[in-house]
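Residue-level structural notes
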Amino acid sequence: MKISFLDLQKLNLPHQQLIQENVSQQIASGWYILGKNLEQFEQSFAAYIGVKHCIGVGNGLEALVLLLKAYNFSENSEVIVAANTYIATILAITQAGLTPVLVEPNAETYQIDEGKIEEKITENTKAILVTHLYGRCAEMQPIWDLASKYQLKVFEDAAQAHGATYRTQKAGNLSDGAGFSFYPTKNLGAMGDGGAITTNDDNLANRLRKLRNYGFSLKNIADFKGHNSRLDEIQAVILQTKLPFLNSENQSRRAIAKRYLSEIKNPAIILPPANRIEEDVWHLFVIQHENRDEFREKLSQKGIETAIHYPVPPHQQKAYSELNHLSLPITERLHNQVLSLPNAPYLTSQEIDYVIATLNQL
Ligand SMILES: *Cc1c(COP(=O)(O)O)cnc(C)c1O
């Protein structure tokens, strides 16, 4: 048997016909940027997340950059962030002219260790940018408490958490503003690049609508030095077509996660936490293994493709030489041990049987 980590053709096949019909109509309309389809998708996604505003932008990185820029924090401002997040979270902070302050994750949940945030707060700290990594919401209550104690903003990188919940609220509705990505591999994926910001703040939403479009308040009238970062009409149609299926696709990922959690019985494998299965949207099913690379190679020989999220932590990247001196042992260990198993919604029960049987044999 051959099981790829993620096959985008298979992922989109159930939606293909409807997307083709809807995109054809859109093409015939002759209107391609900032039109009715974007407005409709923004309303639908805002309603889905449970917020007042959704602002469609070019991609997930831009969503976070614009969100941070919208606040005009002073130059030396610091933003607290998990050290094991995807590099795009850190790029957003530096591209907004701010300084990332890295905090180690909890090695079991992979989320920012909320107990290690307070010691990093200085007079320059302006915000905590929380990544809901792998599809599970971070533990927000202690973060909200710290934010109110120290008057900080809270932002979410929700690029992996479309539909994930914390208590009764969805990711994207747990902070002052959240960035989403609709990169094709995400739980809600476009057929190209796309992103959005969600917020309940009217002023922020207004500012972001200008910032994504050259800073224009009216045509050719610029209030700020903006970006060109718009979610185009075709991607908006595709996302609008796929959104009604997000919950059921998340449910399929969850069903696979449940099987993995109960049936993988290999003492060398550390499974992800099983305490919040229903709230997690399982963007990635991440295990740990001490001999990760060797184990991955053995799985590959058995036809099972896996992935690593991520092989090199941001603070060890050449691009971030200013962070290279940091020692973050938990983050560094996780980057050597994490392995993502196939958990796409289209996988059959026979395919999952095979993955489980193989993992238990090795
Ligand atoms: C995908 C992703 C991003 C970036 O989104 P793009 O649309 O690729 O720019 C940011 N943060 C996290 C956690 C992501 O997974």
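What comes next is a walk through the structure. Keep in mind it's a predicted model, so treat the numbers as computed, not measured.

1. Observations concerning the sheet that holds strand β3 (residues 99–103)
Strands sit in the order β1-β9-β8-β5-β4-β2-β3 across an open sheet of seven strands; the sheet is mixed. Each end of this open sheet is capped by a strand with a single partner; those strands are β1 (53–57) and β3. Between one strand axis and the next, the sheet turns through 25 degrees on average, direction left out of account. Along the sheet, helix α3 (residues 36–49) makes contact with β1, β8 (177–181) and β9 (195–199), crossing β1 at roughly 130 degrees. Here helix α7 (residues 202–211) sits on the sheet in contact with β1 and β9, set at roughly 20 degrees to β1.

2. Brief notes about the sheet that holds strand β13 (residues 285–289)
In space, the three strands of this open sheet follow the order β12-β13-β14, with antiparallel pairing throughout. Looking at the sheet topology across the chains shown, the edges are occupied by β12 (269–270) and β14 (338–341). Two strands pair when backbone bridges link them, and β12 and β13 are joined in this way by two bridges, in the antiparallel orientation. Among the inter-strand pairings, Ile-269 is bridged to a residue of β13, identified as His-289.

3. Let's talk about the side chain of Glu-233
Mapped onto the elements of the fold, Glu-233 is located in helix α8 (residues 233–242). As a buried residue without a salt bridge, Glu-233 has its nearest oppositely charged side chain in Lys-36, at a separation of 7.5 Å. Only 2.9 Å separates the side chain of Glu-233 from the side chain of Asn-37, close enough to count as a polar contact. Apart from residues lying up to four places away in sequence, Glu-233 is in contact with Gln-26, Trp-31, Tyr-32, Ile-33, Leu-34, Gly-35, Lys-36, Asn-37 and Leu-38.

4. Quick word on the nonpolar core
Grouped together as the largest cluster of nonpolar side chains are 43 residues, with contacts concentrated most on Phe-41, Phe-45, Ile-80, Ile-112, Ile-117, Phe-182 and Leu-188. Of all elements in the fold, only α3, β2 (78–82), β3, β4 (125–131), α6 (140–150), β8 and α8 reach the threshold of two or more residues within this core. Ranked by residues supplied to this core, first place goes to α3 with six residues. When neighbours within four sequence positions are excluded, Ile-80 is seen to be in contact with Val-101, Val-103, Ile-112, Ile-117, Lys-120, Ile-121, Thr-125, Ala-127, Ile-128 and Leu-129. In terms of nonpolar packing, the next biggest core, distinct from the first, is built from 32 residues, Leu-284, Val-338, Val-355 and Leu-359 among them.

5. Notes on the site of the ligand
Neighbouring residues of the ligand: Asn-59, Gly-60, Leu-61, Tyr-86, Ala-88, Thr-131, Asp-157, Ala-159, Gln-160, Ser-181 and Lys-186. Asp-157 is positioned such that a nitrogen or oxygen atom in its side chain is 2.7 Å from a nitrogen atom of the ligand. One of the side-chain nitrogen or oxygen atoms of Lys-186 is found 2.6 Å away from an oxygen atom of the ligand. In isolation the ligand offers 380 Å² of accessible surface; the protein chains occlude 91% of this area. Here the residues of the shell around the ligand sort into four nonpolar, five polar and two charged.

6. Brief notes about the packing of aromatic side chains
Scanning the model with the defined rule gives 13 aromatic pairs in all. Seen in terms of ring centroids, Phe-45 and Phe-180 are 5.0 Å apart; in terms of plane orientation they differ by 90 degrees. Their pairing is edge-to-face. Taken together, the positions of Phe-45 in helix α3 and Phe-180 in strand β8 put the pair 135 residues apart, joining distant regions of the chain. Taking the relative accessible area as the measure of exposure, Phe-45 reaches 0% and is therefore buried. You can call Phe-180 buried: its relative accessible area is 0%. For the pair Tyr-71 and Phe-155, a centre-to-centre distance of 5.1 Å together with 55 degrees between the ring planes defines the contact as tilted. Here Tyr-71, found in the loop between α4 (60–69) and β2, pairs with Phe-155, found in strand β5 (residues 153–157); they are 84 residues apart in sequence, far enough to count as distant. Judged by relative accessible area, which is 0%, Phe-155 ranks as buried.

Quick notes on the rules
- Residues numbered from 1 in each chain as written.
- Predicted model: local features only at pLDDT ≥ 70, side-chain atom pairs only at ≥ 80, totals over all residues.
- Heavy atoms only, no water.
- Pairing = 2+ DSSP bridges.
- Helix = DSSP H or I, 4+ residues; strand = E, 2+ residues; numbered from the N terminus.
- Axes fitted to C-alpha atoms, helices over the stretch in contact; angles between N-to-C directions.
- Contact = heavy atoms within 4.5 Å.
- Buried < 20%, exposed > 50% of the residue type's maximum accessible area, 1.4 Å probe, protein only.
- Lys, Arg positive; Asp, Glu negative; His and termini not counted.
- Salt bridge = Lys/Arg side-chain N within 4 Å of Asp/Glu carboxyl O.
- Polar contact = N/O pair within 3.5 Å; in protein donor to acceptor, adjacent residues only side chain to side chain.
- Core = buried A, V, L, I, M, F, W, Y, C linked by side-chain atoms within 4.5 Å.
- Near = heavy atom within 4 Å.
- Areas by Shrake-Rupley, 256 points an atom, 1.4 Å probe, with all protein chains shown as cover.
- Nonpolar A, V, L, I, M, F, W, Y, C, P; charged D, E, K, R; others polar.
- Phe/Tyr/Trp six-rings, centres within 6.5 Å; stacked < 30°, edge-to-face > 60°.

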